[in-house]
Structures are given as C-alpha cells and as structure tokens.
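Below are the chains, spelled out letter by letter.
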Amino acid sequence: MSSTIEELETPEVLVDREQLLANIARAQKIAEAHGLRLRPHVKTHKCVEIAQLQLANGASGLTASKVDEALVFIDAGITQSLTLAYPVVDRRKLDRLFGSAARKSVDVRLTVDSSAGIDAAAAAAKSAGLPVSVFVKIDVGLHRCGLAENSGDLLDLIGRIGADAHLRFAGLLSHAGHAYAAQNPEEIAAIAADEVCTLQRVRERIEAANIAVPEVSVGSTPTVLAGRSFAGVTEIRPGNYVFLDATAVRLGIARTENVALNVLATVISANAQHFIVDAGSKVLSSDLGAHGTAAPGYGLAYPVEIDGTNALKVVRLSEEHGFVKRGEIDLPIGAKLRIIPNHSCPVANLAERLTIVSRGDVVDQWRVAARAKVR
Ligand SMILES: Cc1ncc(COP(=O)(O)O)c(C=O)c1O
C-alpha cells in the first residue's frame, strides 16, 4: 500500500478520515438534538467499516435498499436492527434475507406499499418462523413509491399487516427525495416541514381507526441537514451525509471542504480546450445528482488542495476519460486532480475499495463489500 496520496496509482477513490468522522458526528448530533434514532442508509458507502463507525458513534441500526446489500452487513456480523427501505415483492429474496436474519438474530424491518408486498412478506416470515415489523411507505412528493396521503388502500393494507400472525405494523416511512430539486436550504426546509405535516395527517387518520403508529421514519440527506422540525418523527435514515458531494454543495447544505469522498485522477493528455484525465464514467458515473437532478457537468476538479476555490469543471465523460475544461492554470501531463463527483453513492458502488486518507497520508483501504449488490 502506498503511504502518500502522490504515490497512488489513479484513478482512486479517496475518503478523508477526519471529514468522514465529522459528517458521521454531524448527523448523530442532529438525531440526538431532536430525540431521534439514526439508522444510516448503507447504500451510500456499501462498506462494513463505515457502518461500524456509524454504529460506534451512536446509530441505532442500519438501513439498506436491496436484500443482497443488506445481507453483506448481516453476514459481516452487524447485529443491530436493519430497515429495508425498499418495497421488495419477490418472496425468494425475502427468504434469503429472513434465513440470514434468523441465524444471526437480526431484527429486520420491511417496507411495503402494495398487497403483493404484504403477501410476499407474510409468506417468507411464516416459513422462516420470524416475527417481522413492516413499515407502510407514504409518498410525500417524490412520486416514486408509496401510498398517497389520502389513499383509500391505506387502512386496508395496515389491517392486513395487523391480521397476519407473523407481521406487525411498524409505522410510516417516507423519503423526500424531491428535496434534491430544491434551489437552497430554505426550500429544502420547507419540503422537510411539508413531509412532517403530511405524515402527521396520515398518522392521525390511522389513529382515528384505533391503530397505533409506533414509528415514523423519514430520511434524505438534504431534509435531515436543512430540516428544522422533526415533530412526530422517531427515526431518520440519511445515507449520502457520510460523504456528501457536489450536489450537496450546490444545494447549500455543505461546503466543498465538508465533502469526504473525492476521486484522485491524473492528467494523461491535453488539448486546446481540455485537460484529459483518467477517470471517466466508469469511475465518476454519469450521474448528474441524486434523483436525476441537473448538475452543469460531472464534477469539480481541484489541482492541489480542495479549498473551495479554483474549481475546474469536468464537462464531458467517455468511459475511461474525463474532459476537464481548462481554466487559468496550466497543468503538466502527470498532474493529479481531486474530483468531487456530483453523486458520491454511485461512485462508491463502482469502486472496489475506498482509500482512506488522513492529512495527505494513506492510512487504510476498505473494501466496498456490497458494491453491485442490486438484487
Ligand atoms: C427510501 C430511502 N431512504 C433514505 C435514503 C437516503 O437518502 P440520502 O441519500 O439523500 O441521504 C434514500 C436514498 O435514495 C432512499 O431511497
């Protein structure tokens, strides 16, 4: 293992240890200030070592999207509860998940928004002999998954969960991913407030039918970092906050120096308009920001230290090449750039490992153990 950043072969995904710890502490502090449990979403880092740091800093458990992603953390020996914040409807996947959860005594909590999801959960829970908590997902504005606030199916679905011998109604779960389309922290705070009010109204509707709502789970990095009130919420599930990225900087919820992940790349050629670097879409991804938000390019490149100034823009990508628009400075072939990507989550998913750096030195390398676990 190389000992300094300069000695590393590129492209390499770097994670700054001090900034990672600061980001983990920032969300934990928010959770504690509002009396909330923090169940960080592991889809951002897909890395067991980072999950262990989150748990050591006070997280109550983890959140995952896909079953095979969750299994990496369960099989690695993480025994705290795990929320699967994704509506799985294929029973075979749940059999796999519950088999491991039962062996390792992990409390897995599912998310549903359809009868098909409840049927799959009930069948798998029965055959595993496990009691399983089930969240019902509410659509608070992203219009992706979840029941609409006034859905006529809501009480029926909750009733079906309650009537099943192996399932228990855990409460409501939402994800305000549309906050990524906001222009500034005030707009994000308004979306967060709207989410809290929507969930409060849904909760009152359910309680009016004499059904208790034990938990209300929300979570996106923008609404957690910019939200002001979490009234009625019991847990938050941000993911991206551990690394942050150029999108978080654009939204005004972080400064460039708060971003813990960047891609170290080398200038391998140059022409009149561009420096060409060795990180293309297979490293940076072609992502324009979470939920398809429209960044003006593919990342911010900094020649030496990331200090928030003098950013060059990655304006085009091919698979193995990045096109960095020339600025005022000249860079020799072989110069190194640190690129803050638009969206850290797919960058981590594309990497085999994360190289952990501290004050310019390489201190560790961690496997992205759940990379490409998309089933
Ligand atoms: C259901 C759900 N919960 C939580 C999150 C975490 O959001 P973020 O990455 O903005 O922190 C996501 C992200 O896509 C999600 O889909």
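The present account deals with the structure reproduced in this document. (Residues numbered from 1 in each chain as written. Predicted model: local features only at pLDDT ≥ 70, side-chain atom pairs only at ≥ 80, totals over all residues. Heavy atoms only, no water.)

## Describing the overall build of the protein
Piece 1. Across its full length, the protein holds 11 helices and 17 strands.
Piece 2. Relative to the 2.2 N^0.38 estimate, which gives 21 Å for 375 residues, the radius of gyration of the protein is 21 Å and therefore close to what a compact globule would have.
Piece 3. Reported as C-alpha extents along the three principal axes, the dimensions of the protein are approximately 70 × 45 × 35 Å.
Piece 4. Counting over 375 residues, the protein shows a buried share of 55%. (Helix = DSSP H or I, 4+ residues; strand = E, 2+ residues; numbered from the N terminus. Rg over C-alpha atoms; globule rule 2.2 N^0.38 Å. Buried < 20%, exposed > 50% of the residue type's maximum accessible area, 1.4 Å probe, protein only.)

## Comments concerning the site of the ligand
Piece 1. Around the ligand lies a shell of 15 residues, among which Lys43, Tyr180, Thr221, Arg237 and Gly239 are the nearest.
Piece 2. In the environment of the ligand, an oxygen atom lies 2.6 Å from a nitrogen or oxygen atom belonging to the backbone of glycine 239.
Piece 3. Here the ligand occupies the largest pocket. (Near = heavy atom within 4 Å. Polar contact = N/O pair within 3.5 Å; in protein donor to acceptor, adjacent residues only side chain to side chain. 1 Å grid on protein atoms, 1.4 Å probe; cavity = no way out; pocket = protein on both sides within 12 Å on 5 of 7 lines; lining within 4 Å. Sits in = over half its atoms within 2 Å of the grid points.)

## Some words on the sheet that holds strand β9 (residues 235-236)
Piece 1. Ordered by their spatial adjacency, eight strands build an open sheet running β2-β9-β8-β7-β6-β5-β4-β3, and the pairing between neighbours is parallel. The outermost strands of the open sheet, each flanked by one partner alone, are β2 (37-38) and β3 (61-64).
Piece 2. Helix α5 (residues 115-128) rests against β5 (108-112), β6 (132-137) and β7 (167-173) of the sheet, and its axis sits at about 140° to β7. (Pairing = 2+ DSSP bridges. Contact = heavy atoms within 4.5 Å. Axes fitted to C-alpha atoms, helices over the stretch in contact; angles between N-to-C directions.)

## Some points on the side chain of histidine 175
Piece 1. Its place among the elements puts histidine 175 in the loop between β7 and α7 (185-208).
Piece 2. Here the side chain of histidine 175 touches glycine 219 through a polar contact of 2.7 Å, landing on its backbone oxygen.
Piece 3. At 3.1 Å, the side chain of histidine 175 forms a polar contact with the side chain of histidine 291.
Piece 4. Filtering out sequence-adjacent residues up to four positions away, histidine 175 remains in contact with Lys137, Val140, Leu142, Arg144, Glu195, Gly219, Ser220, Arg237 and His291.

## Focus on the layout of surface pockets
Piece 1. A volume near 640 Å³ is recorded for the largest pocket.
Piece 2. Around the largest pocket sit 31 residues that line it, and His41, Lys43, Ser65, Tyr86 and Arg144 are the ones nearest its centre.
Piece 3. Looking at which element gives the most residues to the lining of the largest pocket, the answer is helix α11 (residues 344-350), with three residues.
Piece 4. Considered class by class, the residues forming the lining of the largest pocket number 10 nonpolar, 12 polar and nine charged. (Points joined across faces, edges and corners; volume = space filled by probe spheres on them. Nonpolar A, V, L, I, M, F, W, Y, C, P; charged D, E, K, R; others polar.)

## Regarding the nonpolar core
Piece 1. Counting residues in each nonpolar core, the largest one holds 117 residues, and the members touching the most others are Leu97, Phe98 and Phe243.
Piece 2. Those residues in contact with leucine 97 that sit more than four places away from it in its chain are Val67, Ala70, Leu71, Ile74, Leu84, Val108 and Leu110. (Core = buried A, V, L, I, M, F, W, Y, C linked by side-chain atoms within 4.5 Å.)

## Some points on the packing of aromatic side chains
Aromatic ring pairs: the centre-centre distance and the angle between the two ring planes describe each pair.
Piece 1. What the rule picks out here adds up to zero aromatic pairs.
Piece 2. The ring centre of phenylalanine 323 lies 4.1 Å from the NZ or CZ of arginine 316, which sits over that ring. (Phe/Tyr/Trp six-rings, centres within 6.5 Å; stacked < 30°, edge-to-face > 60°. Lys NZ or Arg CZ within 6 Å of the ring centre and 35° of its normal.)

## Considerations on the pairing of β5
Piece 1. Of all five residues in β5, five are buried; the element is thus mostly enclosed.
Piece 2. Taking every second residue as pointing to the same face, both faces of β5 are buried, with Val108, Leu110 and Val112 on one and Arg109 and Thr111 on the other.
Piece 3. Sheet analysis places strand β4 (residues 81-84) next to β5, joined by two bridges and oriented parallel. Residue pairing for β5: threonine 83 is matched across the bridge by arginine 109.
Piece 4. Pairing between β5 and β6: four bridges, direction parallel. Following the sheet pairing, valine 112 is matched in β6 by valine 136.
Piece 5. With respect to chirality, the unit in which β5 leads through α5 into the neighbouring parallel β6 is right-handed. (Right-handed = clockwise from strand over helix to strand, strands pointing away.)

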